[in-house]
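Read off the chains here:
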Amino acid sequence: MLREDFVIQSEIRRILVRSNVDYSKISFGTVKGVVYLRGTFELSRLYVNGSSEGIIEFTKKNLVSLEKKIRSIPGVIDVNFQLVNWKKEKGQWVSK
Amino acid sequence: MRIKMNSIYRRILREIEKEVEVHPNYADLQNQYALLLMADGRMEEAKAHFLEALHLNPKYREANLNLCFLYMEEGRWAEAKEILLSELRRDSKDSFIHHALGILSLQDGKRKEGIVHLQEAIRHNSYYREFYKRKGIWQGGTIQFNQKSLGILKKTHLNYHYAQFHNLIGLFLAKSGRSRQAVAELKRALKLKPDEFIFYANLGTVYYYQGDYPKAIQSFEKAVHLDPSYGMGYANLSFIYGLMSRTKEALQYMKKAVQMNPNYADLHYNLALLYSDRKRYERAILELKKALRINPNYLFARINLGVLYEDQKKWREARREYQKILQITPEDESIRKRLERISS
């Protein structure tokens, strides 16, 4: 049986608010177990220090971690990222 | 006002100072920084940052009240009074403002005027009757002072400030993942100002971060009890019940949240999910349509709507929604496949 979309949606919300992600720039939805994330993936303004390479690397790690957490939510069939500033190429996240 | 600044408070002060440098146009940061400066006894600097917060957002009630209490600390009654009267002009039934005006008048030696405001505070919010009883000034249905009770009451204006301070520290600690200390700070804030719904809401948020859902529910329920118009409180209750897979309660609270905030597309979307999960498809479609009326580019609402139409074999409607989605995101392969499947 499919897990209820609202339950999945509530779990994603909690994952996002507990992460370093600036979730005001991300919107998300759940359709029959398929999760959609859309917007700009940035870390919150508390994490502004460091070189630009360091920030990109740190952001990438956060993105990988976020994807892993969402995919591990029971009932999630797939995750569809539609990000303005990041894309997946050959299984790797790269900044646009 | 001066709070003993321990190492945590000092660290937070330094971090917020850095943030203010990076984001000088954030009124909330200016207000937070000023609050910490005031706690550190740096009154002139605090005043400048409260004024900057109000310059950025002239309707910023919290910054306005913080500035008022700074003036009260300095015995600048006329300036403090003007701020409170300006807030009262916005809402003449604001019990907290009447309470503050009562204290200010007493501090300023205007006893009769003070009593009138304290009575008004009681009239608009019964919490103050209990509060004044505890302070020994509400006796036998009237306000009465003796030297001791008057002295105690005069100091209560600081409660607001201390409470705001502990609330800010609590929020900051929560953001840094130090939930246990955050809870302790927020409880301090609530002890000083137990009628502040936002402190309960913040406490609820910290418990929500921690995953302590029963305590999060208890805190958000208190928040909405204190301020029944706090629409996002109902939404948060709904999300927490969702995390507990208790969708019956989640539905009740989300309905209330939508009722309080009918123009929030996101809440209509979540209500639609709840209806859809319970197979109440007509209601789900209705809510998705409402979300789309508010925000026609709400992609997920349109995807859910298309899928629901498809499930109900309403091919024409499903095609229409999928085509609109592809206008927004032409690269969405899953939607393209769905469209091809029902078009062939």
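Residues numbered from 1 in each chain as written. Chains lettered and ligands numbered in written order. Predicted model: local features only at pLDDT ≥ 70, side-chain atom pairs only at ≥ 80, totals over all residues.

Enquirer: I would appreciate a short explanation of the overall build of chain B in the present structure.
Expert: When helices and strands are tallied, chain B shows 20 helices and two strands. Along the longest, intermediate and shortest principal axes, the C-alpha atoms of chain B span 85 × 50 × 35 Å. Counting only contacts in chain B whose residues sit at least 6 apart along the sequence, the fraction spanning at least 24 positions is 40%. (Helix = DSSP H or I, 4+ residues; strand = E, 2+ residues; numbered from the N terminus. Contact = placed C-beta atoms within 7 Å.)

Enquirer: What is the right way to look at the overall build of chain A in this model?
Expert: When its secondary structure is counted, chain A shows two helices and five strands. The secondary structure elements of chain A, listed N-terminal to C-terminal, are α-β-β-α-β-β-β. With the principal axes as the frame, chain A shows a C-alpha extent of 45 × 30 × 20 Å. Within the span of chain A, comprising 96 residues, buried residues form 23% of the whole. (Buried ≥ 20, exposed ≤ 12 C-beta atoms within 10 Å, placed from the backbone.)

Enquirer: What is the right way to read helix α13 (residues 213-226) of chain B from this model?
Expert: For an α-helix, the turn length of 3.6 residues means that residues three or four places apart are oriented alike. All names here are of chain B. Look at α13: 20 Å from first C-alpha to last across 14 residues, which is about the 20 Å you get at 1.5 Å a residue. Taken together, the buried positions of α13 are A216, I217, S219, F220, A223 and V224. Looking down the long axis of α13, one finds its buried residues gathered within 165° of arc, a one-sided arrangement. Exposed residues pointing more than 90 degrees away from the buried face of α13 are listed as P214 and H225. Against the buried residues of α13 lie α12 (197-210) and α14 (231-243). (Expected span 1.5 Å × (residues − 1). Arc of directions from axis to C-beta.)

Enquirer: Looking at this structure, I do not really get the sheet that holds strand β3 (residues 78-83) of chain A. What am I missing?
Expert: The strands making up a sheet are joined through hydrogen bonds of the backbone, oriented either antiparallel or parallel. Residues and elements named next belong to chain A. The sheet built from three strands is open, its strands ordered β1-β2-β3 with mixed pairing. Either end of the sheet is taken by a strand with one partner, and the two such strands are β1 (26-31) and β3. With direction set aside, neighbouring strand axes in the sheet form an average angle of 15°. By the bridge criterion, six bridges tie strand β2 (residues 34-39) to β3 in an arrangement that is parallel. Note that in β3 the partner of V34 across the bridge is D78. (Pairing = 2+ DSSP bridges. Axes fitted to C-alpha atoms, helices over the stretch in contact; angles between N-to-C directions.)

Enquirer: Can you help me understand the nonpolar core in this one?
Expert: Grouped burial of nonpolar side chains is what soluble globular proteins tend to show. C68(B), M254(B), Y269(B), L288(B) and A301(B) are the most contacted members of the largest nonpolar core, which has 115 residues in total. If we ignore the near neighbours within four places in the chain, the residues touching M254(B) are A235(B), S238(B), L267(B), N270(B), L271(B) and L274(B). (Core = buried A, V, L, I, M, F, W, Y, C linked by C-beta atoms within 7 Å.)

Enquirer: How do you make sense of the interface of chain B and chain A when you look at a structure like this?
Expert: Size of an interface, as often reported, equals the accessible area lost when the parts are brought together. At the junction of the two partners, chain B supplies 24 residues and chain A supplies 21 residues. For the side of chain B that touches chain A, the elements supplying multiple residues, two or more each, are α1 (7-22), α12, α14, α15 (247-260), α16 (265-277) and α18 (299-311) of chain B. Partitioning the side of chain B that touches chain A into residue classes produces twelve nonpolar, nine polar and three charged. (Nonpolar A, V, L, I, M, F, W, Y, C, P; charged D, E, K, R; others polar.)

Enquirer: Can you help me understand the packing of helix α10 (residues 157-175) of chain B against α12(B) in this one?
Expert: Helix packing for two helices is described by the angle between their axes and how far apart those axes are. Residue and element names in this part refer to chain B. α12 packs onto α10 with a crossing angle of 20° between their chain directions and a minimal axis gap of 11 Å. As judged from the angle between their axes, α10 and α12 are roughly parallel. Relative to α12, α10 is oriented so that their crossing is left-handed. Where α10 abuts α12, its residues N167, G170, L171 and A174 lie against F199, N202, V206 and Y209. Looking at the contact of α10 with α12 residue by residue, the classes come out as five nonpolar, three polar and no charged. (Parallel < 35°, antiparallel > 145°, perpendicular 65-115°, else oblique. Left-handed = near helix turned anticlockwise from the far one by under 90°.)

Enquirer: Explain the confidence of the model for chain B to me, please; I cannot follow it from the model alone.
Expert: Predicted coordinates in areas of low pLDDT are best not read in detail. When the pLDDT values of chain B are averaged, the result is 93; 99% of them are 70 or greater. Scored as a whole, the predicted complex attains pTM 0.85, and scored at its interfaces, ipTM 0.90. (pLDDT = per-residue confidence, 0-100.)

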